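The lines below spell out each chain.
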Amino acid sequence: MIYDEILNKIREYNTIIIHGHIRPDGDCLGSQLGLRQSLRLTFPEKEIYAVGEMANYVKFLGEVDVIADEKYESALAICVDCGNSERLSDQRFKTAKEVIKIDHHIPVDNYGDIEWVCEEKPACAQMIFEFIEACSLKMDLVAATAIYTGIVTDTGRFRFDSVEPATFRVAAKLLELGVNVAKIDNELSIESLDVLKFKGYILSNFKLTDTGFAYVTVTKEVVEEYHISYEDAANQVNLISNIPNYPVWALIIEYPTEIRVRLRSRGPDIDKLANLYAGGGHAKASGCKLLNWSQLTNFINDADNVVKEYKESI
Ligand code: AMP
């Protein structure tokens, strides 16, 4: 059983380092910090760390650790919420003695010595809870809050079709542990005046193709003009999610070093389209990259083809 396999490895190591992906979201950090807390409570004699980047909007969950390279020499790395090794934040996981992958993305590569991947799970944090519960590991309000935040963020507040009965059962158990649903929702919903104005930019500048693809491009200059973070810019992907006859949409943002596409669908699967542009993810929520703005026309054509095939098939 995979739970026993993972638990045996955790028991075997004195140092356990939990990794997530670059530009982490609520599910990634919720999984990392929730698992860290549960393992710290259960195994107080072990050194348990969570490393990588932090995201401002879930800072209320706690901080990540900064650790020395030597810690990896005899460590077990547990990588959560990441389908491909290239996207893992802090590539030192490669220097750990063994690696466990716990994830719910369509796998891009197999980087773990032990892998537990459930593509149908709506949130990696739900898997973390199921593991903690099955292994009778300890939980407290800190762990429960992190895990609940992971679940609400990756399910779009329990709205996506990946939500299953087990998601609500897990949420119910987290509430029994004292999770404050309204407080978490408030933390996640706060937005600055700058972000509010930037939303106006998105709503005034999105483009529609004749076939049914909606997209908006955001250059570095626009991000600067609105005084917002890239994280805040990227979070607006679903502002154009509900336009009738536009089942696929994208927010395309020029970062200082790359152009990132956040791709979403409520119709056709779009992960294969993302694969064509150095990306991947889920069937209905993927991400990828453009090498430069001149690739945009090709990307729009490819997205249009996906929409066209989908519309012809229904
Ligand atoms: P995002 O648009 O960043 O929220 O990504 C949507 C989903 O696709 C997430 O589950 C990401 O983990 C995944 N994803 C985003 N970018 C990439 C990428 N370059 N390669 C593989 N998966 C990605």
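Just so it is clear, the model here is predicted, and its values are computed rather than measured. (Residues numbered from 1 in each chain as written. Predicted model: local features only at pLDDT ≥ 70, side-chain atom pairs only at ≥ 80, totals over all residues. Heavy atoms only, no water.)

Q: Can you help me understand the overall build of the protein chain in this one?
A: A tally of helices and strands in the protein chain yields eleven helices and eleven strands. Computed over its C-alpha atoms, the radius of gyration of the protein chain comes to 20 Å, within 12% of the 20 Å expected for a compact globule of 314 residues. If one aligns the C-alpha atoms of the protein chain with their principal axes, the spans along those axes are about 60 × 40 × 40 Å. Counting all 314 residues of the protein chain, 53% fall into the buried class. Counted over contacts in the protein chain with a minimum sequence separation of 6, partners at least 24 positions apart contribute 62%. (Helix = DSSP H or I, 4+ residues; strand = E, 2+ residues; numbered from the N terminus. Rg over C-alpha atoms; globule rule 2.2 N^0.38 Å. Buried < 20%, exposed > 50% of the residue type's maximum accessible area, 1.4 Å probe, protein only. Contact = heavy atoms within 4.5 Å.)

Q: Before we go on, may I ask you to explain the packing of aromatic side chains in this structure?
A: For any pair of aromatic rings, geometry is given as the distance between the ring centres together with the angle between the planes. Within this structure, the stated rule accounts for twelve aromatic pairs. Centroid distance Tyr3 to Phe131: 6.1 Å. Interplanar angle 55°. Geometry classified as tilted. Taken together, the residues span a long stretch of sequence, with Tyr3 in helix H1 (residues 2-12) and Phe131 in helix H3 (residues 124-134) at a distance of 128 residues. For the pair Tyr3 and Phe131, a shared accessibility class is recorded, and that class is buried. Ring centres 6.1 Å apart and planes at 10° place the aromatic pair Phe198 and Tyr201 in the stacked group. Placement of both Phe198 and Tyr201 in helix H7 (residues 193-205) is noted, with a separation of three residues, approximately one turn of the helix. We classify Tyr201 as buried; its relative accessible area is 18%. One residue, Lys311, lies across the ring of Tyr246, its end atom 6.0 Å from the ring centre. (Phe/Tyr/Trp six-rings, centres within 6.5 Å; stacked < 30°, edge-to-face > 60°. Lys NZ or Arg CZ within 6 Å of the ring centre and 35° of its normal.)

Q: Would you explain the sheet that holds strand E11 (residues 285-290) in this entry?
A: Pairing between the strands of a sheet is mediated by backbone hydrogen bonds and can be parallel or antiparallel. One open sheet holds the six strands; their spatial order is E6-E7-E8-E9-E11-E10, and the pairing between them is mixed. The open sheet has two free edges, formed respectively by strand E6 (207-208) and strand E10 (280-281), since each of these has just one partner strand. As paired elements, strand E7 (residues 213-218) and strand E8 (residues 248-254) share six bridges and run parallel to each other. Each bridged residue has a counterpart across the sheet, and for Val218 the counterpart in E8 is Ile253. Packing against the sheet, H7 makes contact with E6, E7 and E8, and its axis sits at approximately 135° to E7. (Pairing = 2+ DSSP bridges. Axes fitted to C-alpha atoms, helices over the stretch in contact; angles between N-to-C directions.)

Q: What's the story with the confidence of the model for the protein chain in this structure? I'm lost.
A: Note: predicted coordinates in regions of low pLDDT should not be interpreted at a detailed level. Mean pLDDT over the protein chain: 97, with 100% of residues reaching 70 or higher. Put simply, E10 is where the protein chain has its lowest mean pLDDT, 92, and helix H2 (residues 26-42) is where it has its highest, 99. (pLDDT = per-residue confidence, 0-100.)

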